[in-house]
Amino acid sequence: MQKELAMKVIKKMLILWVVLFFYLPVYAGDTSSLIKKVTLFSDSALITREALVAVKKGENVFRISGLTPYFDDSSLHVEVKADFAKVLDVRIEKSFLEEKVQKRVKELKEKIKTIDNEIRVLNGEITAQEEYVEFLKKQKGAQQEFESFAKFIESSLKASYAKISDIEIKMDKLKEERDALEKEISNISSSNTESKIVTVILLAERDGQFPIELTYLTSNAGWTPQYDLRVDTQNDLIEIEFFAIITQKTNEDWNDISLELSTVRPRFGVFPDLMPWFLEVRREKKAIFGESNKLMMRAIPEGSVSETTGAPPPSPEVREDTVSFEFIIPSKVNIPADNQPYRIFLAATQASKEETRINYSAVPKLSPLVYLMGSFKNPYSFAMLPGKVNVFIDGKFVSSNVVKKIITPGEHVTVPLGVDDSIKVERKLKEKLTDHPGIISERVRTRYHYDIQVINGKSKDIVLDVKDAFPISRDDRIKVLREAPLESDAEISQDGIVTWKLQLGGKERKTLTIKFTVEYPKELHVEGLD
């Protein structure tokens, strides 16, 4: 009887052991993973991270830690690269990197301690050399009658001074290294040590090994366009180099990654709903003190340079999607999470010479400066995005500017290339005569006469556009009578902008004239006149 009872107990224990062995989840603990690919947008990044996992038949649990705390939980996607396993569940939790941070700080402090010891040894060597120098100086004073001994003293002093100099150079380098280590400790101490942990539960039909891929969208990363305009004034050529300026502070270093830059904006992809357009009679309401300003405020929407000209690196592949362009960087890159700007080459091309115009331009009514201007058509197959422009003229950096709007392929763009002080323009009021109303006329008449002096201080010929303006009346009672220039002398647009296109020889001077009369009833107070 006891034997049967013992056999039943053993049988139940075996069944329980089998159940526990084959059906309870296998916990693998922390699983190492690497960032393989980053698709970077203007204000975010899509991270692709990969981990190699070994599974047993049944449920398996893997923890992937050290992920950026800034990723959007709803964007996380986990993909299994095997047909005999599937994802049962994914969990996200917050963690802190205290242990990892403390370990790194300890390593840095050990390095600082080693450097301090080296500095102490070098200080001792300097002290010994200085004492030896003092000893030699005393010997030199006592033994001047011996010429050979005096030469020995002199050579020994030179050698000692050289040793002191070498030791001081070593000490300076060690101090710089020490300062860098202390700065890193300070940055670690002040940085966000929070991270996220992703727990993945897999169900496998059999034992095996395969990669799993995590993708997630994170903030605290982005890129902005930057252009280098290289102007050849001798041949009227403009070359446009296109770069990406990348910054990221996601708490994840991007080491040896594949990088794609996208012009899409994932956070602004919502199609707007068109609301009905209602018309109604305006009803006057008394303003409540303090409320009108609040309503108005709610209605207002919230809004590294290189002179080298060597061969550019390989250009990325440009892929056109439905709503964006993507630049696929051909080689692996490293972008640390230090919030520093990193510049990556994207493309370079020369604007069509037939569509390029390099000339000078001035608006003396607003400024006495003369600007060299470059006008060309966008030569790329993709739009030029708003961004900083570094201007190089004949190999020298001269200024920075900004492209303020999107320039579509083939669209004209004009960029100021810098100020040229050797060309002068000066606008002066030569005459202002006002005829006041009297018995015969009840209208005010004021005649204006401006002269614009232009001096080409260069020895070569130049092309210069000078702009000014006639006033434009928005009231039928105000009349503007234009006298000079005539349309045969300058281009005059419908909005009154006057443009003289001048061909000036070396050292040539020219005077331009603008004359007009403004007439209006005496009871009007006209705004906008000088």
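Residues numbered from 1 in each chain as written. Predicted model: local features only at pLDDT ≥ 70, side-chain atom pairs only at ≥ 80, totals over all residues. Heavy atoms only, no water.

A short note on the pairing of strand β19 (residues 396–403)
Next, step 1: Bridge count between strand β18 (residues 387–393) and β19: seven bridges; the pairing is antiparallel. Across the sheet, the residue bridging to V389 is N401, located in β19.
Next, step 2: Counted along the chain from β18 to the antiparallel partner β19, the turn is two residues long, and its residue D394 has a positive phi close to 50°. (Pairing = 2+ DSSP bridges. Helix = DSSP H or I, 4+ residues; strand = E, 2+ residues; numbered from the N terminus.)

Notes on the packing of aromatic side chains
Next, step 1: Going through the model one piece at a time under the given rule, you end up with 16 aromatic pairs.
Next, step 2: Between Y448 and F516, the aromatic rings sit 5.1 Å apart at their centres with planes inclined by 25°, giving stacked as the arrangement. Within this pair, whereas Y448 is found in strand β22 (residues 443–456), its partner F516 is found in strand β27 (residues 509–521), the two being separated by 68 residues in sequence. Note on accessibility: Y448 and F516 belong to one class, buried.
Next, step 3: Judged by centre distance (6.2 Å) and plane angle (85°), the rings of F470 and F516 are edge-to-face. Taken together, the residues F470 in the loop between β23 (462–469) and β24 (479–484) and F516 in strand β27 connect sequence positions 46 residues apart.
Next, step 4: Judged by relative accessible area, F516 falls into the buried class, the value being 5%.
Next, step 5: Feature note: the residues W223, Y227, F242, F325, F327, Y380 and F382 constitute an aromatic cluster, connected by ring pairs. (Phe/Tyr/Trp six-rings, centres within 6.5 Å; stacked < 30°, edge-to-face > 60°. Buried < 20%, exposed > 50% of the residue type's maximum accessible area, 1.4 Å probe, protein only.)

What to know about the sheet that holds strand β21 (residues 423–435)
The pairing of strands in a sheet comes from backbone hydrogen bonds and takes either a parallel or an antiparallel form.
Next, step 1: Reading across the sheet, the four strands line up as β21-β22-β27-β24 and stay open at both edges, with antiparallel pairing between neighbours. Looking at strand neighbours, the two that pair on one side only are β21 and β24, the edges of this open sheet. Within this sheet the neighbouring strands show an average axis-to-axis angle of 20°, counted without direction.
Next, step 2: Sheet topology places β21 next to β22; twelve bridges connect them, and they run antiparallel. Among the inter-strand pairings, K424 is bridged to a residue of β22, identified as I455. (Axes fitted to C-alpha atoms, helices over the stretch in contact; angles between N-to-C directions.)

Regarding the nonpolar core
Next, step 1: Among the nonpolar cores identified, the biggest contains 90 residues, and W223, W254, L259, L261 and L464 are the most heavily contacted of them.
Next, step 2: Setting aside its immediate chain neighbours within four residues, W254 contacts I35, V38, L40, A45, I47, A221, Q248, V333, N334 and I335. (Core = buried A, V, L, I, M, F, W, Y, C linked by side-chain atoms within 4.5 Å. Contact = heavy atoms within 4.5 Å.)

As for the environment of A54
Next, step 1: Here A54 is to be found in strand β3 (residues 45–55).
Next, step 2: Each C-alpha atom of the pair A54 and G208 lies 5.8 Å from the other, and the pair is 154 residues apart in sequence.

Some remarks on the side chain of E241
Next, step 1: Along the chain, the position of E241 falls in strand β10 (residues 237–248).
Next, step 2: For E241, the side chain forms a polar contact with the side chain of R230, separated by 3.4 Å.
Next, step 3: Apart from the residues lying within four places of it in its own chain, the contact partners of E241 are Q226, Y227, D228, R230, A347, A348 and Y380. (Polar contact = N/O pair within 3.5 Å; in protein donor to acceptor, adjacent residues only side chain to side chain.)

Comments concerning the sheet that holds strand β25 (residues 491–492)
Next, step 1: Taken in spatial order, the six strands line up as β20-β17-β16-β23-β26-β25 in an open sheet, and their pairing is mixed. Strand pairing shows two members of the sheet lacking a second neighbour, β20 (412–419) and β25, which therefore form its edges.
Next, step 2: Inspection of the sheet shows strand β17 (residues 370–377) paired to β20 by seven bridges, in the antiparallel sense. By the bridge assignment for β20, M373 is matched with P416.

Some words on the environment of A128
Next, step 1: Among the structural elements, A128 can be located in helix α2 (residues 98–142).
Next, step 2: For the pair formed by A128 and S160, sequence separation is 32 residues and the distance between their alpha carbons is 9.7 Å.

Points about a negative patch on the surface
Next, step 1: Taken together, E130, E131, E168, D172, E176 and D179 make up a surface patch of like negative charges.
Next, step 2: Only α2 and α3 (147–190) provide two or more residues apiece to the negative patch.
Next, step 3: When residues of the negative patch are assigned to their parent elements, the largest contribution, four residues, is made by α3. (Patch = residues over 30% accessible without salt bridge, like charges linked within 9 Å, V, L, I, M, F, W, Y side chains within 5 Å. Areas by Shrake-Rupley, 256 points an atom, 1.4 Å probe, with all protein chains shown as cover. Salt bridge = Lys/Arg side-chain N within 4 Å of Asp/Glu carboxyl O. Lys, Arg positive; Asp, Glu negative; His and termini not counted. Charge placed at Lys NZ, Arg CZ, Asp CG, Glu CD.)

Some remarks on the confidence of the model for the protein chain
Next, step 1: Averaged over all residues, the pLDDT of the protein chain equals 82, while 79% of them reach at least 70.
Next, step 2: A low-confidence stretch, residues 16–23 stays under pLDDT 50, and its non-local contacts, those more than four residues away or across chains, total three contacts.
Next, step 3: This model gives residues 279–309 a pLDDT under 50, and the stretch forms 16 contacts once residues within four places in sequence are excluded. (pLDDT = per-residue confidence, 0-100.)

Here's the deal with unusual backbone geometry
Next, step 1: A cis amide bond links A484 to the next residue, P485, at an omega of 5°.
Next, step 2: Of note, D256 is a non-glycine position whose phi angle comes to about 55°, a positive value.
Next, step 3: Unusually for a residue other than glycine, K507 sits at a positive phi of about 65°.
Next, step 4: Position of K507 relative to the elements: it lies in the loop between β26 (497–504) and β27.

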